[in-house]
Amino acid sequence: MLISICIPSYNRPKEIRRLLESIDCNLNDIEIVICEDNSPQRLEIRNEINKFSLKTNYDIKYFENETNLGYDSNLRNLINKSKGEYVIFMGDDDRFFPNTLDKYISFVKANKSASYILRSYYAEHPNGRLELFKYLNKSQILKQSIENCSFLYKRTVSIAGVTFKRKIAEKLSTSKFDGTLLYQLYLVLEISYKEASAYCDIPFTIVAQTFRLDKPMFGTSKSETRFSVGKVTPENSIAFTKGFFEISEYFDKKYDQNVTKLIRLDLSKYSYPILSIQRKNGFFNFIYYSIKLGKETKINRSLYYYIYALSLLILGERICDKIILNIKNALGYTPKL
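Residues numbered from 1 in each chain as written. Predicted model: local features only at pLDDT ≥ 70, side-chain atom pairs only at ≥ 80, totals over all residues. Heavy atoms only, no water.

On to the pattern of salt bridges. In the structure shown here, the tally under the stated rule is 23 salt bridges. Note that Glu 48 is salt-bridged to Lys 51, the shortest N-O span being 3.6 Å. Here the residue Glu 48 and the residue Lys 51 both occupy positions in helix H2 (residues 42-55), the gap between them amounting to three residues, near one helical turn. Its relative accessible area of 17% is what places Glu 48 among the buried residues. Owing to a relative accessible area of 46%, Lys 51 belongs among the partly exposed residues under this scheme. (Salt bridge = Lys/Arg side-chain N within 4 Å of Asp/Glu carboxyl O. Helix = DSSP H or I, 4+ residues; strand = E, 2+ residues; numbered from the N terminus. Buried < 20%, exposed > 50% of the residue type's maximum accessible area, 1.4 Å probe, protein only.)

Tracing the sequence through the fold places Asp 321 in helix H13 (residues 317-331). Residue classification places Asp 321 among the buried positions, given a relative accessible area of 13%. As for Asp 321 and Ala 169, which are separated by 152 residues in sequence, their C-alpha atoms are 35 Å apart. Side-chain polar atoms of Asp 321 contact the side chain of Tyr 272, separated by 2.6 Å. (Polar contact = N/O pair within 3.5 Å; in protein donor to acceptor, adjacent residues only side chain to side chain.)

This next bit is on the packing of aromatic side chains. All told, the structure shown has 19 aromatic pairs when counted by the stated rule. Between Tyr 104 and Phe 204, the ring centres sit 3.7 Å apart and the planes meet at 15°, which makes this aromatic pair stacked. Linking Tyr 104 in helix H4 (residues 101-110) with Phe 204 in the loop between strand E11 (197-200) and strand E12 (205-208), this pair joins segments that are 100 residues apart in sequence. Of the residues examined, Phe 204 reaches a relative accessible area of 0% and is grouped as buried. With a centroid separation of 4.9 Å and 5° between ring planes, the pair formed by Tyr 121 and Phe 133 is classed as stacked. In this pair, Tyr 121 is assigned in strand E7 (residues 121-124) and Phe 133 in strand E8 (residues 130-133), connecting sequence segments 12 residues apart. Positioned above the aromatic ring of Tyr 183 is the side chain of Arg 76, whose terminal nitrogen or guanidinium carbon lies 5.2 Å from the ring centre. The ring of Phe 63 carries Lys 81 above its face, with NZ or CZ at 4.6 Å from the centroid. (Phe/Tyr/Trp six-rings, centres within 6.5 Å; stacked < 30°, edge-to-face > 60°. Lys NZ or Arg CZ within 6 Å of the ring centre and 35° of its normal.)

Closest axis-to-axis distance for the helix H5 (residues 146-154)/helix H9 (residues 259-269) pair is 9 Å, and the angle between their directions is 40°. As judged from the angle between their axes, H5 and H9 are oblique. Classified by chirality, the crossing of H9 by H5 is right-handed. Each of Ile 146, Glu 147, Cys 149, Ser 150, Tyr 153 and Lys 154 in H5 lies in contact with H9, whose residues at this interface are Val 259, Leu 262, Ile 263, Asp 266 and Leu 267. Looking at the contact of H5 with H9, its residues break down into seven nonpolar, one polar and three charged. (Axes fitted to C-alpha atoms, helices over the stretch in contact; angles between N-to-C directions. Parallel < 35°, antiparallel > 145°, perpendicular 65-115°, else oblique. Left-handed = near helix turned anticlockwise from the far one by under 90°. Contact = heavy atoms within 4.5 Å. Nonpolar A, V, L, I, M, F, W, Y, C, P; charged D, E, K, R; others polar.)

Looking now at unusual backbone geometry. Of note, Asn 38 is a non-glycine position whose phi angle comes to about 55°, a positive value. Inspection of the secondary structure puts Asn 38 in the loop between strand E2 (30-36) and H2. Even without being glycine, Asp 256 reaches a positive phi, approximately 55°. As for its position among the elements, Asp 256 is in the loop between helix H8 (234-255) and H9.

With that out of the way, let us pick up the sheet that holds strand E1 (residues 3-9). Spatial strand order, E3-E2-E1-E4-E10-E6-E11-E9: eight strands in an open sheet with mixed pairing. Each having just a single partner strand, strand E3 (60-64) and strand E9 (140-142) make up the two edges of the open sheet. Pairs of neighbouring strands in the sheet enclose a mean axial angle of 20°, with direction left out of account. Running at roughly 170° to E1, helix H1 (residues 13-21) makes contact with E1 and E2 of the sheet. Against the sheet, H5 contacts strand E6 (116-119), E9 and E11, and its axis sits at roughly 50° relative to E6. (Pairing = 2+ DSSP bridges.)

Spatially, the four strands line up as an open sheet ordered E5-E12-E7-E8, and their pairing is mixed. On the outer flanks of this sheet lie strand E5 (95-96) and E8, each paired with one strand and no other.

What follows covers the packing of helix H12 (residues 303-315) against H13. The contact between H12 and H13 brings their axes to 7 Å, and the two run at 125°. Overall, the two elements H12 and H13 adopt an arrangement that is oblique. Along the contact surface, H12 presents Ser 311, Leu 312 and Leu 315, while H13 presents Glu 317, Ile 319, Cys 320 and Ile 323. Broken down by class, the residue content of the contact of H12 with H13 amounts to five nonpolar, one polar and one charged.

A few words now on a nonpolar patch on the surface. Among the surface-exposed residues, Leu 310, Ile 314, Leu 315, Ile 319, Ile 323, Ile 327, Leu 331 and Tyr 333 lie close enough to one another that they form a single nonpolar patch of about 720 Å² accessible area. When contributions to the nonpolar patch are tallied by element, the ones reaching two or more residues are H12 and H13. For Ile 323, the location among the structural elements is in helix H13. (Patch = residues over 30% accessible without salt bridge, like charges linked within 9 Å, V, L, I, M, F, W, Y side chains within 5 Å. Areas by Shrake-Rupley, 256 points an atom, 1.4 Å probe, with all protein chains shown as cover.)

See below:
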């Protein structure tokens, strides 16, 4: 088995059915592994998966957690229950872009020297608009280096399409970062530091930008007490950003490196989404948030941080979003800052 498509499931029966129905690749290449995390809509999720299983030839393995493990622990759970040479993570509200999954699988087959693969993808906004995220001008192998560790780190936050060699990820298993909602970032640092990685320029997934709807699913597990449930508060955003450095500082101490400095600068240059998520809470609340975020996370290390904050204050989130999207569309990829 080449690939395990690994899906952490929580409270989204309709969305997971949509994801399953978007899988359109050669059935001999994949298995589908789903771990439902003891959500209130477990019965509905189970029914949707059972209905899909009756009409498909894909190999589906469905598990129900006895307790709510939380995001990070459930990712490990999925890795442990899968059998593929590679695992591809997919959020249960994400989906595959039509007629691209086979192409991506062919890329994986042709680049088995890579133990981690960074993908390009589409992000879907609540209004249905798709935003393309492309990080390099072509597909390529990335050698081990601290600079590449830093480059890959932030670009792995959205889990849709994140691809690791399963056995390596399995050996790295740890609960140290449970509750950060960023377990995949721990894996990418460890793996890209020791192994070759790759960038694939085939946008084969659609990432749901549900954070903009302000109805997050995190915070229900005992491991996620740093987050309040049901709303993306300023405190939640700051706690989430701090998790980036909790992981990177552990890495630096373990390997006597200073990747945190590079990551902090990179996060500062591309801090727009971290800032914009709180603009809807009002002018003065946003000023308070942007100052507190910079102070507590130290990501105000570049001029870009202040440009984003000032632009959001003056123009608002919608206009700023349009400007950034137009720049990316004109270039054809995310600009290197």
